[in-house]
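Coordinates in review
Each chain, letter by letter, is given below.
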Amino acid sequence: MTARPSPATPPSKAASPSASDAPSPATGPAGTTSPSPAGSPPSRPAAPRPPASGTAPPVRPGTAGPTFTGRPHGLREAAAAPGRNDGPAGPARTNGSHGVRPATPLSDEDRGRLLGGAHHDPHGLLGAHPVRGGLLIRVLRPYARGVTVLAKGLRADLPFEGDGLFAGVLPLRTVPDYELLVDYGEHTVTVQDPYRFLPALGELDLHLFGEGRHEQLWRALGARIMEHQGVTGTRFTVWAPNAQGVRVVGDFNYWDGTGAPMRSLGSSGVWELFVPGLGEGELYKFEITRPDGSRTVRADPMARRTECPPATASVVEASHHHWNDAAWMARRGARPVHEAPFSVYEVHLPSWRPGLTYRKLAAQLPAYVKDLGFTHVEFMPVAEHPFGGSWGYQVTGFYAPTARMGGPDDFRFLIDALHQAGIGVLMDWVPAHFPRDDWALAEFDGRPLYEPQDPARAAHPDWGTLEFDYGRTEVRNFLVANAVYWCEEFHIDGLRVDAVASMLYLDYSRADGDWTPNVHGGRENLDAVAFLQEMNATVYRRCPGVVTVAEESTAWDGVTRATHHVGPGGFGGLGFGLKWNMGWMHDSLGYVAKEPVHRKYHHGEMTFSMIYAYSENYVLPISHDEVVHGKRALVSKMPGDWWQQRAGHRAYLGFMWAHPGKQLLFMGQEFAQGAEWAESHGPDWWLLDPSYEAEPDHRGVRDLVRELNRHYAATPALWERDTDPAGFSWIDGDASEDNVFPFLRFAADASPLISVTNFSPVVRHAYRLGVPDRFPAWREVLNTDDPRYGGSGVGNPEPLKAEPAPWNGRPASVSLVLPPLTTLWLRPS
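All figures in this text were calculated on a predicted structure; none of them were measured in a lab. What you see as residue numbers is a count from 1 along each chain, following the sequence as written. Thresholds applied to this predicted model are a pLDDT of at least 70 for local features of residues and 80 or more for the giving and counting of side-chain atom pairs; totals over whole chains, interfaces and linings are not thresholded and use all residues. Computation of side-chain values covers all heavy atoms of the structure but excludes hydrogens and water.

**Some words on the packing of aromatic side chains**
Only the six-membered ring of Trp is used, alongside the rings of Phe and Tyr, when aromatic pairs are assigned; centres must lie within 6.5 Å, and planes under 30 degrees apart are stacked while those over 60 apart are edge-to-face, with the rest tilted. Under the criterion given, the structure shown has 52 aromatic pairs. Measuring from ring centre to ring centre gives 5.6 Å for Phe411 and Phe490, while their planes differ by 50°; the resulting arrangement is tilted. Here Phe490 lies in the loop between α8 (473-489) and β23 (494-497) and Phe411 lies in helix α6 (residues 408-420), a separation of 79 residues in the sequence. The rule is simple: take the accessible area with a 1.4 Å probe, protein chains only, and divide by the maximum for that residue type; under 20% is buried, over 50% is exposed, in between is partly exposed. Residue Phe411 is classed as buried on the basis of its relative accessible area of 0%. By relative accessible area, which is 0% here, Phe490 ends up buried. With centroids separated by 5.6 Å and ring planes inclined at 70°, the aromatic side chains of Tyr591 and Phe759 adopt a geometry described as edge-to-face. Of this pair, Tyr591 sits in helix α11 (residues 582-592) while Phe759 sits in the loop between β30 (752-758) and β31 (764-771), and the two are 168 residues apart along the sequence. Under the relative-accessibility criterion, Phe759 is labelled buried at 1%. Charges are assigned to positions over rings by a cutoff of 6 Å between ring centre and Lys NZ or Arg CZ, combined with an angular limit of 35 degrees from the ring normal. Geometry around Trp352 places Arg353 over its ring, the cationic atom sitting 5.3 Å from the centre. The helix count covers DSSP runs of H or I at least four residues long, the strand count covers runs of E at least two residues long, and both are numbered beginning at the N terminus.

**Considerations on the pattern of salt bridges**
Between Lys or Arg on one side and Asp or Glu on the other, a salt bridge is scored when a side-chain nitrogen of the former is within 4 Å of a carboxyl oxygen of the latter. Counted according to the given criterion, the structure contains 42 salt bridges. In this structure, the salt-bridge partner of Arg646 is Asp697, at a minimum N-O distance of 3.6 Å. With Arg646 in helix α16 (residues 642-658) and Asp697 in helix α17 (residues 695-714), the pair connects residues that are 51 residues apart, well separated along the chain. Asp697 carries the same exposure label as Arg646, and that label is buried. By sharing partners, the salt bridges in this structure join Glu378, Asp428, Arg496, Asp498 and Glu551 into a single network.

**Focus: the sheet that holds strand β24 (residues 547-550)**
The pairing criterion is simple: DSSP has to find at least two bridges between the two strands. With respect to topology, eight strands assemble into a closed barrel ordered β18-β19-β22-β23-β24-β25-β26-β27, the strand pairing being parallel. Strand-to-strand twist in this sheet, taken as the mean axis angle between neighbours without regard to direction, amounts to 25°. Between two residues, a contact is recorded if the distance between any of their heavy atoms is within 4.5 Å. Lines are fitted to the C-alpha atoms to define the axes, a helix being fitted only along its stretch in contact, and any angle between axes, read from their N-to-C directions, falls within 0 to 180 degrees. Strands β22 (424-429) and β23 of the sheet are contacted by α8, whose axis makes an angle of about 155° with β22. α11 rests against β25 (578-580) and β26 (618-622) of the sheet, and its axis sits at about 40° to β26.

**Considerations on the state of the cysteines**
The term disulfide is used for any two cysteine sulfur atoms that are within 2.5 Å. Per the stated rule, a full pass over the model turns up zero disulfides. With no disulfide partner, Cys487 has as its closest neighbouring cysteine sulfur the one in Cys543, 4.6 Å distant. Cys487 gets classed as buried once you look at its relative accessible area, which sits at 3%. For Cys543, a relative accessible area of 3% corresponds to the buried category.

**Observations concerning the sheet that holds strand β35 (residues 822-828)**
Remark on secondary structure: sheet strands pair via backbone hydrogen bonds, oriented parallel or antiparallel. Strand order across the open sheet formed by six strands is β28-β29-β30-β35-β32-β33, with antiparallel pairing between neighbours. The strands lining the two open edges of the sheet, one partner per strand, are β28 (728-730) and β33 (800-801). Relative to β35, strand β32 (residues 777-783) runs antiparallel, the two being bridged by five bridges. Bridge pairing links Asn783 to Leu824 in β35.

**Notes on the nonpolar core**
Generally speaking, soluble globular proteins have nonpolar side chains that are buried together. Leu349, Phe379 and Trp486 are the most contacted members of the largest nonpolar core, which totals 175 residues. The dominant element in this core, judged by the number of residues it contributes, is α8, at 10 residues. Once residues within four sequence positions are removed from consideration, Phe379 is found in contact with Val347, Leu349, Leu365, Phe411, Leu414, Leu418, Val425, Leu426, Met427 and Asp428. Residues grouped as a nonpolar core are buried Ala, Val, Leu, Ile, Met, Phe, Trp, Tyr and Cys residues, joined through side-chain atoms within 4.5 Å.

**Re the side chain of Arg295**
Relative to the helices and strands, Arg295 resides in strand β16 (residues 295-298). A polar contact of 3.2 Å, which involves the side chain of Arg295, links it to the backbone oxygen of Gly116. Identification of polar contacts relies on pairs of N or O atoms within 3.5 Å, with a donor-acceptor requirement for protein atoms, meaning one able to donate a hydrogen and the other able to accept it, and with residues adjacent in sequence counted only if both atoms are side-chain atoms.

**Describing the packing of α11 against α16**
Between α11 and α16, the shortest axis-to-axis distance is 12 Å and the interhelical angle comes to 150°. Judged by the angle between their axes, α11 and α16 are roughly antiparallel. Viewed along their axes, α11 and α16 form a crossing whose handedness is right-handed. Contact with α11, carried on its side by Trp584, Ser588, Leu589 and Val592, involves Tyr652, Phe655 and Met656 of α16 and no other residues of that element. Of the residues contributing to the contact of α11 with α16, the split by class is six nonpolar, one polar and no charged. For classification, angles of less than 35 degrees are called roughly parallel, those exceeding 145 degrees roughly antiparallel, those between 65 and 115 degrees roughly perpendicular, and all remaining angles oblique. Handedness of each helix crossing follows the sense of rotation of the near helix against the far helix: counterclockwise by less than a right angle gives left-handed, clockwise gives right-handed. Residues are sorted three ways: Asp, Glu, Lys and Arg are charged, Ala, Val, Leu, Ile, Met, Phe, Trp, Tyr, Cys and Pro are nonpolar, and all the rest, Gly among them, are polar.

**A word on the packing of α16 against α17**
The axes of two packed helices give the description: the angle between them and the distance between them. In contact at an axis separation of 10 Å, α16 and α17 are set at 10° when each is read in the N-to-C sense. Put simply, α16 runs roughly parallel to α17. In this structure, α16 uses Trp642, Arg646, His649, Arg650, Leu653, Gly654 and Trp657 to contact α17, whose residues at the interface are Asp697, His698, Val701, Leu704, Val705, Leu708, Asn709 and Tyr712. Its residues assigned to classes, the contact of α16 with α17 comprises eight nonpolar, four polar and three charged.

The quantities given are spatial measurements derived from coordinates; they are silent on function.
Below, the structure written as C-alpha cells:
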C-alpha cells in the first residue's frame, strides 16, 4: 500500500494506484477507507505546508519538467508574490488583498463531505458564486501556500480557510473570466479553475443514455479532450449511480483526488468534471466513495486507452490516424456475406510473431494472409485484459485495444494495412462476462452495477467471472455502443461474439435449483435475447457491410434469422449474419481421429451435418479451442504414421473447403504444426526453416492451403449457394464401406464442382461415381495427394470422360482413381 504523503511534501507521482491504494485520510482494512464522523472533515493538517526548502514536486520520467496540481501542460510560471508568510498559521497576503472579505465558512457537513470525497455537488461550494455584497470565490488546492484570483484589472489574494481551502468575497457584481495563481512555494503557476465551468455534457446525451439509446456512448462517457467555454481541457464523465461521491485522480494531481471532486448530473447517475489544460496521454482513474463510506479506485469503464498490463490506469486519448481504406469500405457490403467467399485466418496477435507491435505486424501479417488467399483475418479478443493467459477473453477495458502492442492508432494502422491489402478484419467480442478485478467493473460503485444484483445469478459458473445484467438499460447501452464503437472507430468488418450459448440460457452450466426460470417458466434468458437482437439490429443499421458471427453451440432456433421474423418457438431471430457450426466441428474431428478401419462405423458423423446445414448460415471453425489443452493440433489428431497424418490433414482441409459453409482456420494449422498452440511462443515457425529436414512436409501443406483458397475464391459453386439446399447434392451419401464422401456443389448458374474424399489409406482404382449427364468430361482441378503438397502423386492427370452408364441414381458416370487419404475436386472439362 502506498502511504499518504505527509503535508510537508507533495504526493509522489508514481504508478497508478490499485483500489487498495486510494489516497485517503484514514485507511481501513483491505484497502477501504473509514468515513469521517458526521459533521467533521477528514483528518488533515490544519494548514497545508509547502514542500521543504529546495524540494520540488517529483517529475514523471519522460516529461520535460515538473507539473502541478490542476494543470500538467502549458503552465505559466510566475514569480512568487511578495509579502508571503510561511508561518504555521497559514499564508497571509498583503499585496492584492484590498477589498476582499472573508467568506462565510462552509458548514461542517458540507466541508466534511467535500474533503471526504462524498459531496454530490462540489461546484455548488467551489468556484464563483454571487452573494450579497459581491462575488464569492472558493478554491480547493491541497498543498498550496496561497491562491490569487487574476482577471482583467483584478488581482486578489484569497484568505486561507484550512485543509487546502481558500475563499473570499470580491467586490464584483458579475463573474469575470478569471484564472488562479497558485503558489506552491518553489513554484507558482497560473491555472484555470475547473469549478467555474458549466457541465460539459449535454441534456440530450444524458437523455439518450437514460433511455439506453446512446449509440455513440463513447462520445459522452469517459475522458474526452474538448474545448469548453473557450478553454481546451479534458471532460471526465463516469456512470456511478450508487456512489456518494466521485473524484478524478491521476498524474496531474499526484493521485490525490481531494482537489478534483466531480459533480453528480442528477438522476442519470453520471458524474462530470471538466479539467482545463489537461491533455492527451495523462493517466487517470476514478476514486469512488461507496454507499458505506469506504473508497475504491477504479479504471474508467469507457477508457479508450490503457496502460500496458500489469499497470491498470486509464489514459486520456485522442486519435490522429488518417484512414486510407476508402475503397475497401465502399465495396465491402456489395455482396451479402453468406453469398460471398469467406475464408478466415484466426490470429492471436500477441503470439503470431511474439514481440511485434501493431505497426510491425502491419508490415508482415497482411502480406502473409494475402499470399495464402484468405479473405479475412479474425483477431482473438484485442480489448484490454489483465491476464495474457486468458487470450483476451476476460476483458477489463471494453473500449481499449490492448496496450501490449501499441496504442489505439497503432491498431488502426494495422487494420488499415489489412484493408489496403484487400483483407477484411473480424475481432472476437466478449459481452458474455467480465472478470472480478477490484479495479475494474465488479461492484463498480460499491454495489452490483454491471452485473445482476443476485450473486448467484451474477456468477458465471464456468470461468469464475461475472455475467452482465442485460436487463439494465444502461448496461445494455454500454454493450451495444461498444459493438458499434469497434466498427465505427476502428473500421472492424465483423464481430465474432463469444460464448453466446452461455448468455441465452438461465440454466447454462447450472444444476437444478441453482437457477430461476423466466417469467414464462422457461430457461431462456429473455434479457440476453433482447440485448443480442438490439445489438445486431443496431450494428447492421449503422455499419453497412459488417457481419456478426455467433459462437453458439446449441440448437437455438433462429440465430441467423432476422430479428423481426418469429420462429416456431415464439422468438424473433437473434439477427446474426453467421453462426459457428460447432456440431460439424465436433463430429468431423471425432471421425478423423478414429483409425480408418473403424471409420465405416461412424460414417454418419460426417454426413449428419447436411441434415441441418441450411437451418442457419454457418461457418466451419477449426479454431484455437480445438488445438489446446490436450486436444492436440489438427495434424496430430490424425492416426497413423507421419505420412498418413499429413495426408489425413490435407484430405480433411479439402473436405472442409468444399463443404457448405464458410471456413475458419487457426494459425499454425495452415502448415501442419504438430504441437499444441501456446500463447507464450505462438506458431512453430521454425518448421518452415529451409534448413530443417522436414520443412518440405510443412511447406507442402501451406502450399495446399494457398491453392484451396485460390480455387475457392474462383469457384462460385463453393460459396454462392452456401445457404441454399439447391447448391448441394450427395453423389453417394452412404459409401461407408469405402470411407468415401462424394458430393456436388452448384453455383447460382448451376455450374458444378465435384468433391470426393477418400478417408482410407488405400488407393481405389476404377472407382465409379454418378455425374450430371450434360457434361462430356471432367478434369481434376485439385488433388491433395499431389507431390507439391507432400503426397504420393496418385491421381487422374487426363480428363475423365462421362460414360452413359447409370450410377448412384444418375444417367452418366465416370471411373476414376481415388488416391489414399485424399480429397479431389473435379470440374467440367
